[in-house]
Amino acid sequence: DPALEAIDLTRRYQLEGVSVEALRGVTLRIDQGEFAAIIGPSGSGKSTLMHLLGCLDRPSSGQLRVNGVEMSGLSDTELAELRNRTIGFVFQSFHLLARTSALENVALPLVYRGMGKAERRERARAALEAVGLAHRLDHRPSQMSGGEQQRVAIARALVGEPTVLLADEPTGNLDTRNGAEVMAMLDRLNSDSGVAIVLVTHEPEIAAHARRQIHVRDGLIELDTSTPSPAPHP
Ligand code: ADP
Ligand code: ADP
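Residues numbered from 1 in each chain as written. Chains lettered and ligands numbered in written order. Predicted model: local features only at pLDDT ≥ 70, side-chain atom pairs only at ≥ 80, totals over all residues. Heavy atoms only, no water.

Visitor: Would you explain the site of ligand 1 in this entry?
Guide: Near ligand 1, the surroundings consist of Y13, L15, A22, P41, S42, G43, S44, G45, K46, S47 and T48. In this structure, an oxygen atom belonging to ligand 1 sits 3.1 Å away from a main-chain N or O atom of S44. Here an oxygen atom of ligand 1 sits 2.6 Å away from a polar atom, N or O, in the side chain of T48. Here ligand 1 loses 64% of its free accessible area of 560 Å² to cover by the protein chains. Every element with two or more residues in the shell around ligand 1 is listed here: β1 (4-15) and α1 (46-53). (Near = heavy atom within 4 Å. Polar contact = N/O pair within 3.5 Å; in protein donor to acceptor, adjacent residues only side chain to side chain. Areas by Shrake-Rupley, 256 points an atom, 1.4 Å probe, with all protein chains shown as cover. Helix = DSSP H or I, 4+ residues; strand = E, 2+ residues; numbered from the N terminus.)

Visitor: Explanation requested: the sheet that holds strand β3 (residues 35-39) in the structure shown.
Guide: In a beta sheet, neighbouring strands are held together by backbone hydrogen bonds and run either parallel or antiparallel to one another. In spatial order, the strands read β6-β7-β8-β3-β9-β10; together these 6 strands make up an open sheet with mixed pairing. The open sheet has two free edges, formed respectively by β6 (87-90) and β10 (220-226), since each of these has just one partner strand. Strand-to-strand, the axes of this sheet are offset by a mean angle of 20°, without reference to chain direction. In the sheet, strand β9 (residues 212-217) pairs with β10 via 6 bridges, with the strands oriented antiparallel. Looking at β10, one finds that R212 is bridged to S226. (Pairing = 2+ DSSP bridges. Axes fitted to C-alpha atoms, helices over the stretch in contact; angles between N-to-C directions.)

Written as structure tokens, this is what we have:
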């Protein structure tokens, strides 16, 4: 099954009695292990699409399947369970607990899986090692750079071994150097672990890191292009 399959998704918001159509019929398939960027200007519907793909929100019409499971048939509880098992989230503003060590921040999502403390800590340590932060386990967010904090957030998103990582403007709060470092990290995690990555950005330089660019405008996909893989060495 594809990791994500959206068929003719729409999403309308009611704003002071006026209906805003943020998505107007999006059909999109993300295969297992893909690395895609959703790019478009502010207000084009990127965040709305991301929230639907991540099962944080339900569409006004259309279908969404996650690993072949159609979400419309699920209760809110079942949907939350599907989300927790299959999707990892990374946001622009990190959303780390301030008074909590990197290790504990990363271990937290595993609490909801009923996993014992020793195993949670071991998995969190491995996830931090995978993002190059084995030397920062006991640091709090305030003791780390923005790039390091985002890498902690990436480790937290991946510790439960999701099918898809959804990243909404993951470099938006970072300077160019830290942004490039985070993108290189995502690229490597995608290659090494095979997790599919969908990132949202309004910056073409960031979107260029992905192997596929999905251009959104006025609530529709206007262009969907793939960068050819580099030719194998002779
Ligand atoms: P982007 O992420 O590309 O900036 P959004 O998905 O946030 O775009 O927004 C798409 C459109 O939907 C915009 O016109 C925005 O004002 C509107 N919108 C987004 N969220 C809401 C909401 N909660 N209530 C009303 N309108 C919304
Ligand atoms: P900002 O662009 O202000 O930094 P974020 O990218 O941090 O915003 O968050 C984008 C949206 O995702 C917000 O609507 C926020 O409420 C929501 N959000 C943030 N963290 C989580 C989370 N861990 N789980 C679900 N939704 C979240």
